[in-house]
Amino acid sequence: GSPRRWPGLLACLLAGMGASMALPPFGVVPMIALLSWPVLVIAGASGLRAAGLAAGVTGFGWFLASLWWISLSLVTGDTNYWPLLPVPLIGIPLLLALFWVPAAVIAHRIGRTPAGRAGWLLLGLAAAEWARGHMATGFPWNAPGYLFSAHLTLLQPASVFGLYGLTLLALAAGFAPAFWILGQRRLAICLVAVLPVLALVGGLRLATMPSPSPDVPKLVRLVQPAVPQHEKWDRGLRPGHLQRLQQLSRGQVPVPQLVIWPETAFAGLLDREPELLKAAAWESLPFDGWLITGVPRFDGQRRLFNSAALMRADGQIEALYDKRRLVPFGEFVPFRPFVPFADAVVGPIDFSRGSGDRLFTLPHYGKLQLLICYETLFPGVAAGPGPRPDILVNLTNDAWFGDTPGPWQHLAQARMRAVEEGLPMLRVANTGISAAFGPKGRMLASIGLGQTGFADIEVPAPLPPTIYARWREGLFLGLLLMLMLVNIGLDRSRPMVHQGEISAD
């Protein structure tokens, strides 16, 4: 490439990295405007290759800065795969950045003016982020729309637009300076107003009176044992870990009727050691209590599942939920025969995808939707064909990622699911961050990262189905259609001021 190109691409890389600071846990929302530099480069690029390269480098910077912590899973716990560290550190951001490349190439190809190219790029990136959340297994982690989860007032529009609609609006606000420079100043002013207007609407929504609480409080105890990952599967330490769970469950009287432990809280197999888990439940619950715990299990066909069990105090298992969305290269290995290190990293057996009943039903508490770890990433968690749940429950183990942005980002995703659906969310993590959110995203209680403890929650009533719960991605598609019409107009209009093209070459 020409010497002139590399400083521009380096600026695109730094812009992508800096713009990702708008995401949790940093939440510096104005940083999203740094994306305007790559927009100008792509809008003025001399060819499709230059436009695609600029978008890919920007996306690589975004995902590298916000997802670097995933690579720590290779060197956490009993593993010591330092030589493989560059694979996820570089490979995951590179793979995700490829979704941004076609958006820029198509925008440059069909846009007739620099401003038109910027508009088509906005539409294309929003569509690319939707595709990233759906293709293969989907991986919508750190979509630009998650910047709204950093502030409670900005988060409220999730009840209308959902993650992908918010992603389009977040990108639109970030593109505003580019449209100003390209001469579309009225449009730029409208886009700048997106965030403050949504914050105002969110503030008004928060000011409305909450739904009345049920006559009899729904009390729940969340238990966070904080077992380090390198100790979790040590059979010699398991009695102590179970004792810790029991002590925390009984930590203060009266013990609520429902106690929740995190993902794989029982570091054994349900089908092989049921008596050990039953004894732990009996020591942890009141006589009429219920326990929800994560526990792996084999079924009768020797398939391995990452499961959640609903148990009575006497140890009787009333219901099982098997995780439906599995983590690629974490719980299963795509194309395993062609991955030589698969057994060393994941183990010799892949987890199987669950297909059983979706909801746990408890007297007094209602219907509970279980989400195990990764499943809370995806919008539409209550969109199944059955009845609407009353409570969302997320069991997870974020111990793999230590004190990094990962657990904070995961927490923000759970919070957004609560607001999207208008349902309370109970999140229980092994090492944190455990928390409970009301149906408008207000934090009701939390247990800090790495802390051992419990929290008692009075679960609020669910709200009526939100606009997003009724329409799902319908409004997102509507926004895309509106933007398409705007882009057609941009390609036909002249800018208010003359602007020369900015070349990536």
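An account of the accompanying structure is given in this report. Predicted, not measured: the structure shown is a model, and the values here were computed from it.

### Some remarks on the sheet that holds strand 2 (residues 258–260)
No. 1: Read from one edge to the other, the open sheet built from six strands follows the order 5-4-3-2-1-12, with strand pairing classed as mixed. Looking along the sheet, the strands with just one partner apiece sit at the ends: strand 5 (317–322) and strand 12 (453–459). Between one strand and the next, the sheet's axes are offset by a mean angle of 30°, whatever the strand orientation.
No. 2: Summarising the sheet, strand 1 (residues 218–224) and strand 12 pair through seven bridges and their orientation is antiparallel. Of the residues in strand 12, the one forming a bridge with Val220 is Ile457.
No. 3: Sitting on the sheet, helix 12 (residues 238–249) is in contact with strand 1, strand 2 and strand 12, with an inclination near 150° to strand 1.
No. 4: Its contacts with the sheet place helix 13 (residues 274–284) against strand 3 (290–298) and strand 4 (304–312), and it is angled at close to 40° to strand 4.

### Re the nonpolar core
No. 1: Of all hydrophobic cores here, the largest spans 77 residues; its most connected members are Leu67, Leu121, Phe139, Phe148, Leu168, Leu169 and Phe175.
No. 2: Of the residues forming this core, the biggest block, 15 residues, is contributed by helix 8 (residues 158–181).
No. 3: Not counting chain neighbours up to four residues away, the residues in contact with Phe175 comprise Leu35, Ser36, Val39, Ala118, Leu121, Leu122 and Leu125.
No. 4: One finds Leu222, Leu310, Leu362 and Leu426 within the second-largest nonpolar core, a separate group that totals 27 residues.

### Quick word on a nonpolar patch on the surface
No. 1: A grouping of Leu481, Met484, Leu485 and Ile488 is seen on the molecular surface, where their side chains present a nonpolar patch of about 360 Å² in accessible area.
No. 2: Given the relative accessible area of 57%, Leu485 is considered exposed.

### Some remarks on the sheet that holds strand 7 (residues 366–372)
The strands that make up a sheet are held in pairs by hydrogen bonds between backbone atoms, and each pair lies either parallel or antiparallel.
No. 1: Strands sit in the order 6-7-8-9-10-11 across an open sheet of six strands; the sheet is mixed. Looking at which strands have only one partner, the edges of the open sheet turn out to be strand 6 (359–362) and strand 11 (443–447). Going across the sheet, the axis of each strand differs from the next one's by a mean of 15°, ignoring polarity.
No. 2: Strand contacts of helix 15 (residues 405–421): strand 8 (391–396), strand 9 (425–429), strand 10 (434–437) and strand 11, with the helix running at about 160° to strand 9, the strand carrying the most contacts.

### A few points about the pairing of strand 6
No. 1: When strand 6 meets strand 7, the two strands line up antiparallel, connected through four bridges. The residue of strand 7 that forms the bridge with Thr361 is Lys367.
No. 2: Hairpin connection from strand 6 to strand 7: three residues lie between these consecutive antiparallel strands, with His364 at a positive phi of about 80°.

### Digging into the pairing of strand 9
Residues in a regular strand project their side chains so that they alternate between the two faces of the sheet.
No. 1: With five of five residues buried, strand 9 lies mostly within the body of the structure.
No. 2: Because side chains alternate across strand 9, one face comprises the buried residues Met425, Arg427 and Ala429, and the other comprises Leu426 and Val428, equally buried.
No. 3: Alignment of strand 8 against strand 9, held across five bridges, turns out to be parallel. Note that in strand 9 the partner of Thr396 across the bridge is Ala429.
No. 4: Bridge count between strand 9 and strand 10: three bridges; the pairing is antiparallel. Its bridge partner lying in strand 10, Met425 is registered against Phe437.
No. 5: Once strand 9 ends, the chain turns through four residues before running back antiparallel as strand 10, passing Gly432 with a positive phi of about 105°.

### A look at unusual backbone geometry
No. 1: The linkage connecting Pro24 with the following residue, Pro25, adopts the cis geometry, with an omega of 5°.
No. 2: Of note, Pro25 is situated in the loop between helix 1 (5–19) and helix 2 (36–43).
No. 3: Of note, the amide linkage connecting Gly432 to Ile433 takes the cis form, showing an omega dihedral of 10°.
No. 4: For Ile433, the position within the fold is in the loop between strand 9 and strand 10.
No. 5: A positive phi angle, near 45°, is found at Thr264, a position not held by glycine.
No. 6: Residue placement: Thr264 occurs in the loop between strand 2 and helix 13.
No. 7: Classification of Thr264 by relative accessible area gives buried; the value is 10%.

Scoring rules and cut-offs
Residues numbered from 1 in each chain as written. Predicted model: local features only at pLDDT ≥ 70, side-chain atom pairs only at ≥ 80, totals over all residues. Heavy atoms only, no water. Pairing = 2+ DSSP bridges. Helix = DSSP H or I, 4+ residues; strand = E, 2+ residues; numbered from the N terminus. Axes fitted to C-alpha atoms, helices over the stretch in contact; angles between N-to-C directions. Contact = heavy atoms within 4.5 Å. Core = buried A, V, L, I, M, F, W, Y, C linked by side-chain atoms within 4.5 Å. Buried < 20%, exposed > 50% of the residue type's maximum accessible area, 1.4 Å probe, protein only. Patch = residues over 30% accessible without salt bridge, like charges linked within 9 Å, V, L, I, M, F, W, Y side chains within 5 Å. Areas by Shrake-Rupley, 256 points an atom, 1.4 Å probe, with all protein chains shown as cover. Salt bridge = Lys/Arg side-chain N within 4 Å of Asp/Glu carboxyl O.

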